[in-house]
Amino acid sequence: MDDETLDRLVAEAKGGSSEAFGRIFDAYAGQIYRFVASRVGRPSDAEDLTQQIFVKALEALPRYEARGIPFGGWLFRLARNAVIDQVRTRRDHATLIEAATRESDEPDPELVAGRHEEIDAMARALADLTEDQREVIELRFFAGLSAREAAAVMGRQEGTIRGLQFRAIASLRRSLGLDESGRRVERPMRHGVEGGEAVLSEAGSGSAPAMGWLE
Amino acid sequence: MSGPYVRSGDWGGPVDEELEFRLERYAAARLAPRGAAMQSIRAAVLTELAVRRVAEAERRATRLPWRRRALGLSRRLLAVGLAGALTLGGAAAVMGAAPDSPLYAARIWVESVTLPADPAARAAAHEAQLMQRVNEVESAISSGNVGAIDAALSAYDQEVEAAVGDSGADQTRIAHLVDELGRHVAVLEGLANQVPASASSAMERAIETSQGAVANLQDKTHPAKPTHTPKPGPSHPTHP
């Protein structure tokens, strides 16, 4: 959705248009859900929170004014606050490891086993990140926000976001055993077919990625 | 509903395909919403919006002179019903209201304002609601509740008009709606002899509405060719 369309929909939704708000929901609900699910783990909690966030957005929308904050940043700030509130209230912060225990719908047991291993490894790698680094990955990758929007959500400078992202990627690649050129040290289990032997030695040495993410 | 994840190339650097691949796999396995969860959330959020709009209308109405308030009685009753539903169990109470419920009108209204914007999804939602209305007519007839039969048939009429109004120009969708309405006519005609006499005119009206809609939609699909009446040409002198 382009900015002009979004601005128009926001204006119409502020005026009470349910159709406009429905289109905004359609544009952002998937991203919001993924962001929330990555933070709370349990799907039922993620669904409840996603609903609460959009109801909060309904309440707050009349007061929304762009003023340099993109709408996506504003909406995700609401989402972030809602997640933080829930975690504070419930004091049972579900971790990414908990998310990793969620059962897959994949019917083939061989695929399930292969994918579980890979996905569990990613969950552990994400859990090893600092809170800020993980949030940047959640906002930038899972929610699909721009660096500017992520900066607005986290109340940081755009440059800070890029720095956190750079370090997060380095850490993920280290944890997952990806070498500096981006190649895998171990053949992955794409589509559940286990690759087997290691093809490179000296897995992720801990140096920053040579991918030039920030160049 | 679930848009694509950001491509790593959009992060400000070259594409790290392997990391992107693994993050996508992780997100698809662990962060994707379950089944129809997002549709349920959407309906709940838009119901909330609709309820708030009614409540706001009610607040405004109470500030008007009494004569104008009286004119808005039906809207106020709807608002009161919705407010009551909220205190008793939220939007779920409205959305589960049967034709014999005082909240049924509220439910129909909420369903109409929470239809999806996407034309295909909207058409599918109209058809699902029409089927729901037909089922409600059938249940109401089984129970012999004339009020419920009238309410369900009236809601069916409204829904037919709304579906036709939103049918657009897509020939496939129009043809599908025509088929659906044709089936409804057959079902309603089959039920017509079971309807209590006091509800028979409502049943006839519903059948006529559906048949009329089919005819209108068929006109859109196969517009009648203009009849060609040759214009009188220039008069030629006759030569005896």
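Residues numbered from 1 in each chain as written. Chains lettered and ligands numbered in written order. Predicted model: local features only at pLDDT ≥ 70, side-chain atom pairs only at ≥ 80, totals over all residues. Heavy atoms only, no water.

**What about the overall build of chain A?**
Counting its regular elements, chain A contains nine helices and zero strands. For chain A, the α and β elements follow one another from N to C terminus as α-α-α-α-α-α-α-α-α. Per-residue burial for chain A yields a buried fraction of 52% across its 215 residues. If you take every contact in chain A between residues at least 6 apart in sequence, the share linking residues at least 24 apart comes to 59%. Total accessible area on chain A is roughly 10000 Å²; 45% of this is exposed by carbon and sulfur atoms. (Helix = DSSP H or I, 4+ residues; strand = E, 2+ residues; numbered from the N terminus. Buried < 20%, exposed > 50% of the residue type's maximum accessible area, 1.4 Å probe, protein only. Contact = heavy atoms within 4.5 Å. Areas by Shrake-Rupley, 256 points an atom, 1.4 Å probe, with all protein chains shown as cover.)

**Structural notes on the packing of aromatic side chains**
All names here are of chain A. Across all of its chains, the model carries nine aromatic pairs over all chains by this definition. A centroid spacing of 4.9 Å and a plane angle of 50° characterise the contact between Y64 and W74, whose relative ring orientation is tilted. Highlighted residues: Y64 in the loop between α3 (43–60) and α4 (71–90) and W74 in helix α4, separated in sequence by 10 residues. Neither Y64 nor W74 differs from the other in exposure class; each is buried. Members of the aromatic cluster, joined through ring pairs, are Y28, Y64, F71 and W74. (Phe/Tyr/Trp six-rings, centres within 6.5 Å; stacked < 30°, edge-to-face > 60°.)

**Looking at the confidence of the model for chain B**
Close inspection of predicted coordinates is inappropriate for parts of the model with low pLDDT. Residue and element names in this part refer to chain B. Of all residues in chain B, 71% have pLDDT values of 70 or greater, and the mean over the chain is 76. By mean pLDDT, helix α4 (residues 73–89) is the weakest element of chain B at 53, and helix α8 (residues 146–165) is the strongest at 90. Below pLDDT 50 for its whole length, residues 233–240 participates in zero contacts with residues either more than four positions away or in separate chains. Confidence estimates for the predicted assembly give a pTM of 0.55 and an ipTM of 0.72. (pLDDT = per-residue confidence, 0-100.)

**Brief notes about the pattern of salt bridges**
Residue and element names in this part refer to chain A. Tallying each qualifying case throughout the model produces 17 salt bridges over all chains. Measuring nitrogen to oxygen at the nearest pair gives 3.7 Å for the salt bridge that ties E131 to R39. Remark: R39 occurs in helix α2 (residues 18–40) and E131 occurs in helix α7 (residues 131–142); sequence separation between them is 92 residues. Among the residues examined, E131 registers a relative accessible area of 38% and is labelled partly exposed. Through salt bridges with shared partners, a single network forms among R39, E131, R134 and E138. (Salt bridge = Lys/Arg side-chain N within 4 Å of Asp/Glu carboxyl O.)

**Focus on the environment of A127(A)**
In this fold, A127(A) is placed in helix α6 (residues 109–127). Taking the C-alpha atoms as reference, A127(A) lies 9.7 Å from L172(A); in sequence the two are 45 residues apart.

**Notes on the confidence of the model for chain A**
Residues and elements named next belong to chain A. The pLDDT averaged across chain A works out to 76; a share of 71% of its residues lies at or above 70. When pLDDT is averaged over each element of chain A, α7 comes out on top at 92 and helix α5 (residues 96–100) at the bottom at 46. Across residues 92–101 the pLDDT falls below 50, and counting only partners more than four positions away or on other chains, this stretch makes 25 contacts in the model. Long-range and interchain partners of residues 187–215, a stretch whose pLDDT sits below 50, account for 74 contacts in this model, where long-range means more than four residues apart.

**Brief notes about the packing of α8(B) against helix α10 (residues 200–221) of chain B**
All names here are of chain B. The contact between α8 and α10 brings their axes to 9 Å, and the two run at 10°. Looking at the two axes, α8 sits roughly parallel to α10. For the pair formed by α8 and α10, the contact residues are D150, L153, Y156, D157, V160 and V164 on the first element and A202, M203, R205, A206, T209, S210, A213, L217 and K220 on the second. Partitioned by chemical class, the residues of the contact of α8 with α10 number nine nonpolar, two polar and four charged. (Axes fitted to C-alpha atoms, helices over the stretch in contact; angles between N-to-C directions. Parallel < 35°, antiparallel > 145°, perpendicular 65-115°, else oblique. Nonpolar A, V, L, I, M, F, W, Y, C, P; charged D, E, K, R; others polar.)

**Here we look at empty space enclosed by the protein**
Here the idea is plain: a probe the size of a water molecule rolls over the atoms and shows the empty space left. Residues and elements named next belong to chain B. Counted under the stated rule, the structure contains three cavities of 30 Å³ or more. Within this model, the largest cavity holds a volume of roughly 100 Å³. What lines the largest cavity is P119, A123, H126, E127, A163, D166, S167, R173, I174 and L177. If you list the elements that add at least two residues to the lining of the largest cavity, you get α7 (119–143) and α9 (171–192). Tallying contributions element by element places α7 first for the lining of the largest cavity, with four residues. For the lining of the largest cavity, the per-class residue count stands at five nonpolar, two polar and three charged. (1 Å grid on protein atoms, 1.4 Å probe; cavity = no way out; pocket = protein on both sides within 12 Å on 5 of 7 lines; lining within 4 Å. Points joined across faces, edges and corners; volume = space filled by probe spheres on them.)

**Quick word on α9(B)**
Residues and elements named next belong to chain B. For α9, which comprises 22 residues, the first-to-last C-alpha distance of 31 Å matches the rise-based estimate of 32 Å (1.5 Å per residue) to within 8%. Taken as a whole, α9 has its buried residues at I174, L177, V178, E180, L181, H184, V185, L188 and L191. Of the residues that open α9, the one with a side-chain oxygen 3.0 Å from the backbone nitrogen of T172 is D170. (Expected span 1.5 Å × (residues − 1). Polar contact = N/O pair within 3.5 Å; in protein donor to acceptor, adjacent residues only side chain to side chain.)

**Digging into the nonpolar core**
Ranked by size, the top nonpolar core spans 68 residues in total, and within it F21(A) and F71(A) carry the most contacts. Broken down by element, this core gets its largest block of residues, 12 residues, from α2(A). Residues contacting F71(A), with those up to four places away along its chain left out, are L6(A), V10(A), I24(A), Y28(A), L61(A) and Y64(A). Membership of the second largest hydrophobic core comes to 31 residues, among which are L153(B), Y156(B), V178(B) and L191(B). (Core = buried A, V, L, I, M, F, W, Y, C linked by side-chain atoms within 4.5 Å.)

**Examining the packing of α7(A) against helix α8 (residues 147–154) of chain A**
Residue and element names in this part refer to chain A. Orientation of α7 relative to α8, taken along the N-to-C sense of each, is 130°, at an axis distance of 10 Å. For the element pair α7 / α8, the angle class is oblique. Considering the relative orientation of α7 and α8, their crossing is right-handed. Contacts from D132, E135, V136, L139 and R140 in α7 reach A147, A150, V153 and M154 in α8. (Left-handed = near helix turned anticlockwise from the far one by under 90°.)

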